[in-house]
There are 2 protein chains.
Amino acid sequence: MSDLPQTQNEEQTDDQGREAHLALEQDVREAVFDKDVRWLSRTLNRLHPADAADLLEQLSTDDFSDAVQLLGEQLPTDIIIELRDEYREEAVDALPDEAVAAVLEELDSDDVTTILEDLEDDRRERILDELSPEDRASLEHGFAYGEETAGRLMQREYFAAPEFWTVGHAIDHARDNADDLPDEFYEVYVIDPTHRLKGQVPLATLLKAARDVNLSDIMEEVQSDIKADMDQEEAAYQFQKYSLASAPVTDDAGRMLGMLTVDDVVDVIQEENTEDLLALSGVNSADGSDTVLDSVKARAPWLAVNLFTAFLASGIISIFEGTIDQLVQLAILMPVVAALGGNAGSQGLAVAVRAIAEREMEGDAARRAIVRETLTGLANGVIFALGVAAIAGFWFQSAGLALTIGVAMFATFVWAGFSGVVVPLTLKRLGADPAVASSVFVLTLTDIMAFFSFLGLASLILL
Amino acid sequence: MSDLPQTQNEEQTDDQGREAHLALEQDVREAVFDKDVRWLSRTLNRLHPADAADLLEQLSTDDFSDAVQLLGEQLPTDIIIELRDEYREEAVDALPDEAVAAVLEELDSDDVTTILEDLEDDRRERILDELSPEDRASLEHGFAYGEETAGRLMQREYFAAPEFWTVGHAIDHARDNADDLPDEFYEVYVIDPTHRLKGQVPLATLLKAARDVNLSDIMEEVQSDIKADMDQEEAAYQFQKYSLASAPVTDDAGRMLGMLTVDDVVDVIQEENTEDLLALSGVNSADGSDTVLDSVKARAPWLAVNLFTAFLASGIISIFEGTIDQLVQLAILMPVVAALGGNAGSQGLAVAVRAIAEREMEGDAARRAIVRETLTGLANGVIFALGVAAIAGFWFQSAGLALTIGVAMFATFVWAGFSGVVVPLTLKRLGADPAVASSVFVLTLTDIMAFFSFLGLASLILL
């Protein structure tokens with residue numbers, strides 16, 4: 001493991017690196033075509049599992065399936081675990097039951113849970129049945145916690161030591177039990193005889209202390225407080241807040257159950273970010289958008305809601321059918337009011353949803369945000385009311401039309417600013433996810449305001 | 001540091017915790033009002049810096065300023081560094097120059113860079129002038145790298161050891177030089193006499209190895225390859241890919257310059273996520289959206305672009321002025337086509353922007369995404385063309401109108417699906433940030449398609 005790709009890479013420019021990568025991709029494709037299992041397996045094993053997984057993911061769907069079928073049990077376990085969800089599921093699907101059972105026995109407990117989640121219920125039962133009752137109980141442990149909890153995410157391997165141990169004792173224990181400890185850990189957890197967590201000693205602190213120092217003298221308070229049934233998003237928040245690399249997971253009585261590491265938490269953060277971003281644009285879920293059917297399923301529900309709200313807006317317009325009939329310019333200009341108002345609403349909404357996700361909307365901050373957003377709507381409202389009025393007035397040579405669209409634009413901006421922050425805050429207060437339904441509410445509210453104010457004012461001022 | 005809030009917290013329900021927190025907030029507010037510096041300083045020091053920072057951020061803007069003014073140099077350095085950007089800037093602004101200089105000398109090098117970034121140019125010069133030339137050179141080191149690079153983010157304190165050292169030697173060195181090593185680190189970096197990075201030994205590995213083992217025998221290859229002038233986003237990507245807790249930063253010749261830790265990287269990930277989410281909704285920047293003026297500045301540019309594109313869409317409609325004049329129902333229905341088409345385009349765009357950000361659009365994946373999105377547009381197009389045609393036909397009792405809106409809806413959906421993925425991919429290929437300008441392009445393209453196809457077909461079929 002000590003030859004250094006760095007020293008070779010340095011001499012390559014980025015372009016050369018990219019070319020080499022494309023050539024490797026091509027070689028893999030050809031090896032799959034030629035069914036050259038030996039070359040394929042050797043090449044994948046030579047790479048870091050994360051790089052090997054990347055390489056496989058860049059194949060076409062068919063080539064990927066072929067590669068997995070070809071490799072079968074020779075597909076290394078640590079590559080499987082690095083694959084993205086949909087690819088990992090496919091790889092696990094392609095492996096025979098015994099191979100999956102063998103994979104499970106090799107993995108850390110948190111990765112075991114990931115694979116178990118991938119399996120269909122009856123296949124999971126069949127595979128677990130092949131194991132000894134002890135192995136089965138141990139494997140199923142993480143799976144017993146609810147989805148998206150810290151318990152599902154944690155690994156049960158960690159390094160714990162009693163309070164009365166010295167630094168030397170802890171180091172000797174690590175040396176004597178190297179195989180039973182996880183590959184990576186960053187802290188020693190100090191526990192009492194009933195496994196209650198008393199504190200933690202970061203490895204850097206352990207390393208700096210003399211052998212005869214007691215762990216209880218150098219241990220720190222554990223700042224995080226992560227329970228196994230806690231939502232993973234809350235656990236991720238604590239990692240961010242206290243800048244953690246790992247953290248203990250306990251039961252309600254404070255007894256050690258497992259350990260979360262930051263790499264899993266980063267994945268959670270990215271998942272939540274993806275969910276928020278997609279939800280704001282009316283896409284239901286990040287998972288399995290890899291087939292057309294998945295995409296349709298993830299998007300049709302919000303389009304259906306939008307179908308309803310769009311006809312609601314049409315209904316508003318139809319009230320003013322007579323007005324438009326008399327002045328067709330109104331039909332030409334009304335999308336301008338709706339488009340700009342909707343844009344202003346979306347801007348405020350995005351800021352609010354992000355602030356809520358980063359917990360910057362607690363306490364007094366929410367009230368301040370409402371005031372700020374409404375004033376922003378007011379300020380932009382003045383600017384763009386004047387702009388729109390000038391263009392429309394000039395275009396159609398009508399001061400009345402300019403006045404009408406200007407006032408409507410202003411009203412819509414203020415309303416958009418206000419509802420862009422109040423809608424997500426209200427949804428949050430009601431216990432709903434502010435990212436999910438906010439968009440459709442805000443856009444409907446601004447559309448209605450836009451059409452109603454513009455056409456309503458037109459029928460008062462212009463006719 | 002060994003009394004345990006956990007054991008107290010357990011007995012509290014969440015509600016009690018929240019009440020206690022609100023009471024504490026109230027006490028802080030009163031202490032600020034009473035100018036009780038002693039109580040305030042003691043209370044803040046008693047909390048974890050991250051919790052103390054949270055507490056201060058929940059005060060109103062005025063109370064926060066008052067608290068900072070009151071505390072002055074008694075505001076602990078580690079709380080300042082935990083404050084969110086805009087609050088930290090205000091706190092630094094409020095401190096006298098000597099106090100800032102004192103703060104700088106206490107901090108780790110990466111935090112020094114953060115504070116230096118906060119300062120106005122002339123104030124920064126003034127403060128740095130107060131320091132000895134050595135201190136100044138050392139403090140300015142990180143500041144020499146470009147904004148948003150790994151060099152700005154890294155700390156220059158790390159633990160490096162020569163290849164020939166044994167495990168025992170490394171541990172003894174850590175014990176003897178405890179004060180010179182960073183508080184937190186997760187790896188020992190193995191370097192040659194010219195400071196070139198040869199490999200790394202995770203602390204867990206060091207702990208498990210016998211004293212007489214050579215570091216070169218247990219060191220691992222460093223998978224990441226982070227240069228000081230590399231964009232921080234690229235560095236963050238490597239952390240995610242290789243599941244790192246920390247990583248070495250080198251110069252182009254592979255010589256060790258510093259170390260990145262995952263807590264800083266998590267902040268970068270969150271920043272980039274915020275930028276993408278806001279950019280997709282037409283908000284320019286995440287920073288300083290705390291005043292109305294900032295908000296207007298961050299949003300008006302895209303509203304101005306939208307003003308232009310909205311009138312472009314109006315121009316399309318005005319071509320069909322005569323058609324609308326003859327059939328006012330067209331004015332009532334045309335926003336439905338535009339709204340649903342725009343929604344479908346936004347959905348595809350959000351999925352594409354997210355996939356690009358997570359580097360899931362490399363190689364063959366981009367081609368597959370274009371096909372998938374176009375087919376999704378086709379499928380949803382069929383569904384919603386039928387839905388819209390049925391409702392419109394029934395509402396206005398016109399088969400011709402139903403046919404017109406159905407065909408226009410279908411065409412707009414396919415077009416929205418295609419442009420929702422092709423626009424961000426094209427922007428990316430041109431070297432632009434796909435999140436930033438995509439939205440306005442996609443929405444303009446779908447608006448134009450919606451109005452043109454609906455009104456154009458209407459003039460062919462219905463008149």
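Because the structure is a prediction, the values reported are computed rather than measured. (Residues numbered from 1 in each chain as written. Chains lettered and ligands numbered in written order. Predicted model: local features only at pLDDT ≥ 70, side-chain atom pairs only at ≥ 80, totals over all residues.)

### Some points on the overall build of chain A
Consideration 1: Of regular secondary structure, chain A possesses 23 helices and 6 strands.
Consideration 2: The C-alpha atoms of chain A give a radius of gyration of 30 Å, which is well past the 23 Å a tight globule of 463 residues would have.
Consideration 3: The burial tally for chain A puts 48% of its 463 residues in the buried class. (Helix = DSSP H or I, 4+ residues; strand = E, 2+ residues; numbered from the N terminus. Rg over C-alpha atoms; globule rule 2.2 N^0.38 Å. Buried ≥ 20, exposed ≤ 12 C-beta atoms within 10 Å, placed from the backbone.)

### Description of the nonpolar core
Consideration 1: Core analysis: the biggest nonpolar cluster contains 139 residues, and A:Ile405 and B:Ile405 have the highest contact counts within it.
Consideration 2: Those residues in contact with B:Ile405 that lie beyond four places of it in its chain are B:Leu333, B:Val337, B:Val388, B:Ala389, B:Ala392 and B:Phe454.
Consideration 3: The next biggest cluster of nonpolar side chains, apart from the first, holds 94 residues, and it includes A:Leu206, B:Ala174, B:Tyr186 and B:Val201. (Core = buried A, V, L, I, M, F, W, Y, C linked by C-beta atoms within 7 Å. Contact = placed C-beta atoms within 7 Å.)

### A word on the environment of A:Ala385
Residue and element names in this part refer to chain A.
Consideration 1: Tracing the sequence through the fold places Ala385 in helix H21 (residues 364-396).
Consideration 2: Sequence separation of Ala385 and Val337 is 48 residues, and the distance between their C-alpha atoms is 9.4 Å.
Consideration 3: Setting aside its immediate chain neighbours within four residues, Ala385 contacts Gly406, Met409 and Phe410.

### Side note on the sheet that holds strand S5 (residues 246-250) of chain B
Residue and element names in this part refer to chain B.
Consideration 1: Taken in spatial order, the 3 strands make up an open sheet running S4-S5-S6, and their pairing is mixed. Of all the strands in the sheet, the pair left with one neighbour each is strand S4 (226-227) and strand S6 (256-261).
Consideration 2: Bridge analysis of S4 against S5 gives 2 bridges, and the strand direction is parallel. The residue of S5 that forms the bridge with Ile226 is Val249.
Consideration 3: Contacts from helix H17 (residues 262-280) reach S5 and S6, with the element oriented near 65 degrees to S6. (Pairing = 2+ DSSP bridges. Axes fitted to C-alpha atoms, helices over the stretch in contact; angles between N-to-C directions.)

### Some thoughts on the relation of the copies chain B and chain A
What connects the two chain copies is a rotation about an axis and a shift along it.
Consideration 1: Between the two copies, chain B and chain A, the superposition gives an RMSD of 0.1 Å; the rotation angle is 180 degrees and the shift along the axis is 0.0 Å. Each copy turns onto its partner about a two-fold axis.
Consideration 2: Of all interface residues in chain B, 99% are interface residues in chain A too; the two copies therefore contact each other through one and the same surface. (Least-squares fit on C-alpha atoms with pLDDT ≥ 70 in both.)

### Side note on the domain arrangement of chain A
Consideration 1: Per the domain assignment, the segments of chain A are domain 1 (14-153), domain 2 (160-275) and domain 3 (292-461).
Consideration 2: Between domain 2 of chain A and domain 3 of chain A, the C-alpha centre-to-centre distance is 49 Å. (Domains from an automatic or database assignment.)

### Some thoughts on unusual backbone geometry
All names here are of chain A.
Consideration 1: At Lys35, a residue that is not glycine, the phi angle is positive and equals roughly 55 degrees.
Consideration 2: By secondary structure assignment, the location of Lys35 is in the loop between helix H2 (14-33) and helix H3 (37-46).
Consideration 3: Positive phi outside glycine occurs at Arg359, with the angle close to 55 degrees.
Consideration 4: When you line up the elements, Arg359 lands in the loop between helix H20 (329-357) and H21.
Consideration 5: We classify Arg359 as partly exposed; it has 13 C-beta atoms within 10 Å.

### A short note on helix H13 (residues 167-176) of chain A
Consideration 1: Of the positions making up H13(A), those classed as buried are A:Val167, A:Ala170, A:Ile171 and A:Ala174. In a view along the axis of H13(A), the buried residues occupy a sector of 95 degrees, so they form one face of it. (Arc of directions from axis to C-beta.)

### As for the pairing of strand S2 (residues 187-191) of chain A
Residues and elements named next belong to chain A.
Consideration 1: Most of S2 sits out of view: 5 of its 5 residues are buried.
Consideration 2: Side chains of S2 alternate between two faces, with Glu187, Tyr189 and Ile191 and Val188 and Val190 buried alike.
Consideration 3: Of the strand pairs in this sheet, strand S1 (residues 160-162) and S2 are connected by 3 bridges, and their pairing is parallel. Within S2, the residue paired with Pro162 across the bridge is Ile191.
Consideration 4: Counting the residues between successive antiparallel strands, the hairpin from S2 to strand S3 (residues 197-202) contains 5 residues, one of them, His195, with a positive phi of roughly 70 degrees.

### Examining the confidence of the model for chain A
All names here are of chain A.
Consideration 1: Here chain A averages 89 in pLDDT, and 95% of its residues register 70 or above.
Consideration 2: Per-element mean pLDDT across chain A ranges from 40 in helix H1 (residues 5-11) up to 97 in S2.
Consideration 3: A low-confidence stretch, residues 1-12 (pLDDT under 50), is modelled with 18 contacts involving residues beyond four sequence positions or located in other chains.
Consideration 4: Overall fold confidence (pTM) sits at 0.85, and the ipTM for the predicted complex is 0.85. (pLDDT = per-residue confidence, 0-100.)

### Topic: the environment of A:Leu95
All names here are of chain A.
Consideration 1: With respect to the helices and strands, the residue Leu95 is situated in the loop between helix H7 (85-94) and helix H8 (97-106).
Consideration 2: C-alpha separation for the pair Leu95 and Gln74, spaced 21 residues apart in sequence, amounts to 10.0 Å.
Consideration 3: In contact with Leu95, other than residues within four places in its own chain, are Gly72, Glu73 and Val100.

### Things to note about the sheet that holds strand S1 (residues 160-162) of chain B
Residue and element names in this part refer to chain B.
Consideration 1: Spatially, the 3 strands line up as an open sheet ordered S1-S2-S3, and their pairing is mixed. Each edge of the sheet is formed by a strand with only one pairing partner; in this case those strands are S1 and strand S3 (197-202). Pairs of neighbouring strands in the sheet enclose a mean axial angle of 30 degrees, with direction left out of account.

### Regarding the packing of helix H17 (residues 262-280) of chain A against H17(B)
Consideration 1: For the pair H17(A) and H17(B), the least separation of the axes is 10 Å and the interaxial angle reads 10 degrees. Regarding the angle of H17(A) to H17(B), the classification is roughly parallel. Of H17(B), the residues touching H17(A) (which contributes A:Val262, A:Val266, A:Ile269, A:Asn273, A:Asp276, A:Leu277 and A:Leu280) are B:Val262, B:Val266, B:Ile269, B:Asn273, B:Asp276, B:Leu277 and B:Leu280.
Consideration 2: Here the residues of the contact of H17(A) with H17(B) sort into 10 nonpolar, 2 polar and 2 charged. (Parallel < 35°, antiparallel > 145°, perpendicular 65-115°, else oblique. Nonpolar A, V, L, I, M, F, W, Y, C, P; charged D, E, K, R; others polar.)

### Side note on the interface of chain B and chain A
Consideration 1: Chain B puts 110 residues into the contact, and the matching count from chain A is 110 residues.
Consideration 2: Looking at the side of chain B that touches chain A residue by residue, the classes come out as 58 nonpolar, 30 polar and 22 charged.

### Description of the packing of H21(A) against helix H22 (residues 399-429) of chain A
Residue and element names in this part refer to chain A.
Consideration 1: Interhelical geometry of H21 versus H22 gives an angle of 160 degrees and a closest axis separation of 7 Å. Relative to H22, the element H21 lies roughly antiparallel. Crossing hand, H21 versus H22: right-handed.
Consideration 2: Counted by class, the contact of H21 with H22 contains 26 nonpolar, 9 polar and 1 charged residues. (Left-handed = near helix turned anticlockwise from the far one by under 90°.)

### Overview of H17(B)
Consideration 1: With 19 residues, H17(B) ought to run about 27 Å at 1.5 Å a step, and its terminal C-alpha atoms sit 27 Å apart, in line with that.
Consideration 2: Within H17(B), 14 of the 19 residues are buried, which leaves the element mostly enclosed by the surrounding structure. (Expected span 1.5 Å × (residues − 1).)

### Quick word on the pairing of strand S5 (residues 246-250) of chain A
All names here are of chain A.
Consideration 1: In terms of residue burial, S5 counts as a mostly covered element, since 5 of its 5 residues are buried.
Consideration 2: Side chains Ser246, Pro248 and Thr250 of S5 all project onto a buried face; the interleaved residues Ala247 and Val249 project onto the opposite face, where all are buried too.
Consideration 3: Two elements, S5 and strand S6 (residues 256-261), share 5 bridges in a ladder whose sense is antiparallel. Bridging across to S6, Thr250 finds its partner in Met256.
Consideration 4: What sits between S5 and S6 in their antiparallel hairpin is a turn of 5 residues, with Gly254 showing a positive phi close to 85 degrees.

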